[in-house]
Amino acid sequence: MNTEIKIAISWSRLPPYAAKLIAKAINISNQPVTIISSKPAALQAEVEQCVSQPIVWVDINQDISWSDLKMDVPQIFFQSGWFSTTFTGLGSEVKRNGGKVICITDNCWKNTLRQWIGALVFRLRYRNCFDAVWVPGKSGTQLMRFYGMPKNKIYQGLYSSDPQVFYSQKSIDKRGKKFIFVGQLIERKGIRLLIRAFSKFTQNYPEWKLHVIGNGVLVDELLEAPNIVYEGFKAPKDVAKSLRNSRFLILPSYEEHWGLVVHEAALSGCGLITSDTVGSYIDLVDENNGIVFKNNSVDSLYKAMMDAASFEDEKLQLVQTASQSKASEYSPFKWAETFIQIVSEFDSETIEKQEHKSIRLK
């Protein structure tokens, strides 16, 4: 890779896991990378510690230029989505300067009217803004192909959990009879659906518990339900401990672009129960390690719980092995490899284009 190339990456409300991915790429590639982000809702100090370099904090709804940030225009810019005024403005400036813009997005295929309209808008307004896109998995690839991006300009593996934090320690059949949910306690996450299905389930399996980690407006409804253990909000290392002691993750979201917790649970050796609207289920869940149930259906989720509770020890061990195998396809190292691949593929092309532009200006 050319050591002179200038790279910048933007990320809305940069979370610790993403900061670690970027730090890994910087370390392996030995390339300086400017990081631009809006401030996260929490754990800002941890994010800054992960990357061991200053982060350029911005308001993502401001119209600013690279000169406003006191920076030269980079040759390669990883742009977070296409809805932020700040990031789209910076990306447009990179394109005008002859650079390359790679869109990073976690939107997944839903086959909704909004996406059909979105495909037209994207092709007319945004398609020429991006030289490539980086998505989490197969569902994101399907969406971006539908939006008009060439197959060879779509990269997968945008998200990954930290295997040094999330890992399996105890055989799943030796863990307690425990389901776990991790996430916001809001309507979109299917909390009310989860409560109803689990209440029905405990009539047949009263020895099973549902542990819940997170916070949100529906916490009071959760506390009123039987056999549910509310653990509150936890830091990632404590979430990891809870996952290592659980048999199955349940993620009943009505809408979930990817669902990083599914990968965290898979790394932890859990079985996976997700709705069919969770973006990552195509990549991380199959008949060997979990159950995909019909979105917004109490009966479908109830049946999934019943099936999971009936697994014998031998089946549970196969579930654990399969989850860890699928989880291994995503890692910070593989993220760094993809980052390096993208930069390498656009490196010489970008430099050559900018040199021609400089000659014309002279």
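It should be emphasised that the depicted structure is a prediction, and the values quoted were computed from it without experimental measurement.

### Things to note about the sheet that holds strand 10 (residues 228-232)
- Here six strands make up an open sheet; going across it, the order is 10-9-8-11-12-13 and the pairing parallel. Edge positions in the open sheet fall to strand 10 and strand 13 (290-293), since each of these has one partner strand only. Sheet twist, expressed as the mean angle between neighbouring strand axes with direction ignored, is 20°.
- Across four bridges, strand 9 (residues 209-213) lies against strand 10 in parallel orientation.

### A look at the confidence of the model for the protein chain
- The predicted model of the protein chain has a mean per-residue pLDDT of 93, with 95% of residues at 70 or higher.
- Confidence drops under a pLDDT of 50 for residues 354-362, and excluding neighbours within four residues, the segment shows eight contacts in the predicted structure.

### Focus on the packing of aromatic side chains
- What the rule picks out here adds up to 28 aromatic pairs.
- The interplanar angle of 70° and the centroid separation of 4.8 Å between the aromatic rings of Trp116 and Phe146 together place this pair among those described as edge-to-face. Taken together, the positions of Trp116 in helix 4 (residues 113-126) and Phe146 in helix 5 (residues 138-146) put the pair 30 residues apart, joining distant regions of the chain.
- Put simply, the rings of Trp82, Phe83, Trp109, Trp116, Phe122, Tyr126, Phe130, Phe146 and Tyr147 pair up and form one aromatic cluster.
- For Lys200, the ring lying beneath its charged end belongs to Tyr302, and the centroid distance is 4.5 Å.
- Of note, Arg244 hangs over the ring of Tyr167, and the distance from its end group to the ring centre comes to 4.1 Å.

### A look at the environment of Ser84
- Secondary-structure assignment places Ser84 in the loop between strand 4 (76-80) and helix 3 (85-96).
- Ser84 sits 52 residues away from Pro32 along the chain, and the two C-alpha atoms are 24 Å apart.
- A distance of 3.3 Å separates the side chain of Ser84 from the backbone nitrogen of Thr86, its partner in a polar contact.

What counts and what doesn't
- Residues numbered from 1 in each chain as written.
- Predicted model: local features only at pLDDT ≥ 70, side-chain atom pairs only at ≥ 80, totals over all residues.
- Heavy atoms only, no water.
- Pairing = 2+ DSSP bridges.
- Helix = DSSP H or I, 4+ residues; strand = E, 2+ residues; numbered from the N terminus.
- Axes fitted to C-alpha atoms, helices over the stretch in contact; angles between N-to-C directions.
- pLDDT = per-residue confidence, 0-100.
- Contact = heavy atoms within 4.5 Å.
- Phe/Tyr/Trp six-rings, centres within 6.5 Å; stacked < 30°, edge-to-face > 60°.
- Lys NZ or Arg CZ within 6 Å of the ring centre and 35° of its normal.
- Polar contact = N/O pair within 3.5 Å; in protein donor to acceptor, adjacent residues only side chain to side chain.

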